[in-house]
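Observations on chain architecture
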Amino acid sequence: MEGLPRLVCASANPDKVAEIALVLDGLVDLRPRPEGLADVVEDAPDLEGNARLKARAVCAAACAPAVSDDTGLEVDALDGEPGVLSARYAGDHATYADNVDHLLAELQRVGAHTPAERSARFRTVVMVVWPDGGELMVEGSVEGAIAVEPTGGGGFGYDPVFVPAGSGGRSFAEMGDEKHEISHRGRAFRALAEALAGRG
Ligand code: IMP
């Protein structure tokens, strides 16, 4: 890990940390979020704002540069919803399955049935905050469509209903590690590694 930029990971979600660690392996010395740190209230109106809130809180608690990410699923037929509300689309304590069910019901309600009518993208904003207040922001996205029913047993969140463009109809939940090569988060964190390398 010597010589690699050291960043404290603001996320405590094991699904996400595993994906981030895989993408940044050999590029960044990723340290875990300090234990006992209270959850950050993510009440900003957009992904950028929430990413900043999380990175600033963890940077202050760890007294070290911190990296956070915030992701939203933007569905065109729903005017960009769930977007910044993706984690709690079906309510404050919604499970992944509740959110997926709610999404499918909403698309049914607005009469979006074909893949073209169900176009969507995942967008991830990644933010690094340094103790001196410096910031670096990058993002990554992947285009696709919302399936009419869940398929596949892998991944998390909306993976069973997100069919990325060019996947031959397979959802993210059917892709295994292949997901990271094309995913919003994979792209955003690779952009981060490049931006950090560019800073020397
Ligand atoms: P977060 O900002 O990364 O915590 O993402 C907010 C919500 O978006 C999560 O609770 C998931 O429901 C969903 N989400 C984020 N990333 C993914 C992904 O890679 N696949 C499926 N759902 C995701």
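Coordinates for the structure precede this section.
Summary of the structure given here. Please read all numbers here as calculations on a predicted model, not as lab measurements.

How each quantity is defined
Here the residue numbering is sequential within each chain, running from 1 through the sequence in written order. Per-residue local features of the predicted model are confined to residues with pLDDT of at least 70, and side-chain atom pairs are confined, for both listing and counting, to 80 or more; whole-chain, interface and lining totals are unaffected and use all residues. Water and hydrogen atoms were dropped before computing side-chain values, which therefore reflect all heavy atoms in the structure. For helices the rule is a DSSP run of H or I covering at least 4 residues; for strands it is a run of E covering at least 2, with both sets numbered from the N terminus onward. Throughout, exposure labels follow a simple rule: accessible area from a 1.4 Å probe, protein chains only, divided by the maximum for the residue type, with under 20% read as buried, over 50% as exposed, and the rest as partly exposed. Polar contacts, as used here, are pairs of N or O atoms within 3.5 Å; protein pairs need one atom able to donate a hydrogen and one able to accept it. Residues neighboring in sequence count only if both atoms are side-chain atoms. We call two residues contacting when some pair of their heavy atoms lies within 4.5 Å. Note: two strands are recorded as paired if DSSP finds a minimum of 2 bridges between them. Consider the strands pointing away from the viewer: the crossover is right-handed when the path from the first strand over the helix to the second runs clockwise. The cutoff for a nearby residue is simple: one of its non-hydrogen atoms must lie within 4 Å of the molecule or strand. Just so you know the grouping, Ala, Val, Leu, Ile, Met, Phe, Trp, Tyr, Cys and Pro go in nonpolar, Asp, Glu, Lys and Arg go in charged, and all remaining residues, Gly too, go in polar. Relevant arc is that of directions from the helix axis to the C-beta atoms, nothing else.

Bringing the side chain of Ser-86 into the picture now. Among the secondary structure elements, Ser-86 is positioned in the loop between β4 (81-83) and α3 (96-109). Its relative accessible area of 7% is what places Ser-86 among the buried residues. Engagement of the side chain of Ser-86 in a polar contact is seen with the backbone oxygen of Gly-83, the distance being 2.6 Å. Excluding residues that lie within four positions of it along the chain, Ser-86 makes contacts with Thr-71, Gly-72, Leu-73, Asn-99 and Tyr-158.

Right, let's talk about the environment of Glu-181 for a bit. Tracing the backbone shows Glu-181 in helix α4 (residues 178-182). A residue is classified by how much of its surface remains accessible, and Glu-181, at 57% relative accessible area, is exposed. Between the C-alpha atom of Glu-181 and that of Val-23, which follows or precedes it by 158 residues, the distance is 8.7 Å.

Let us look at the pairing of strand β1 (residues 6-9). Pairing analysis gives three bridges linking β1 to strand β2 (residues 29-31), with the strands arranged parallel. Within β2, the position partnered with Val-8 by the bridge is Arg-31. With helix α1 (residues 14-24) bridging β1 and its parallel neighbour β2, the resulting β-α-β unit is right-handed. With two bridges joining them, β1 and strand β3 (residues 66-75) adopt parallel strand pairing. Paired with Cys-9 across the two strands is Val-67, which belongs to β3.

What surrounds the ligand is a group of 14 residues, the closest being Lys-16, Thr-71, Asp-159, Lys-179 and Arg-185. Here Asp-159 contributes a side-chain N or O atom positioned 2.6 Å from a nitrogen atom of the ligand. The side chain of His-184 places a nitrogen or oxygen atom 2.9 Å from an oxygen atom of the ligand. Sorting the residues of the shell around the ligand by element identifies β3 and α5 (184-199) as the ones contributing at least two each. Per-element tally for the shell around the ligand: the top contributor is β3, with three residues. Along the lines of polarity and charge, the residues of the shell around the ligand split into four nonpolar, four polar and six charged.

Our focus in this paragraph is α1. Restricting attention to buried positions, one finds in α1 the residues Lys-16, Glu-19, Ile-20, Val-23 and Leu-24. All buried residues of α1 lie within an arc of 120° about the axis, which places them on one face of the element. Opposite the buried face of α1, at more than 90 degrees from it, the exposed residues are Pro-14 and Ala-18. Buried residues along α1 sit in contact with β1, β2, α2 (47-62), β3, α4 and α5. Just downstream of α1, Gly-26 is the residue with a positive phi angle, here 80°.

On to the side chain of Thr-124. On the secondary structure map, Thr-124 appears in strand β5 (residues 119-129). Judged by relative accessible area, Thr-124 falls into the buried class, the value being 0%. At a separation of 2.8 Å, a polar atom in the side chain of Thr-124 contacts the side chain of Thr-71. When near neighbours in sequence (up to four residues on either side) are disregarded, Thr-124 contacts Asp-69, Asp-70, Thr-71, Val-138, Glu-139, Gly-140, His-184, Arg-185 and Ala-188.

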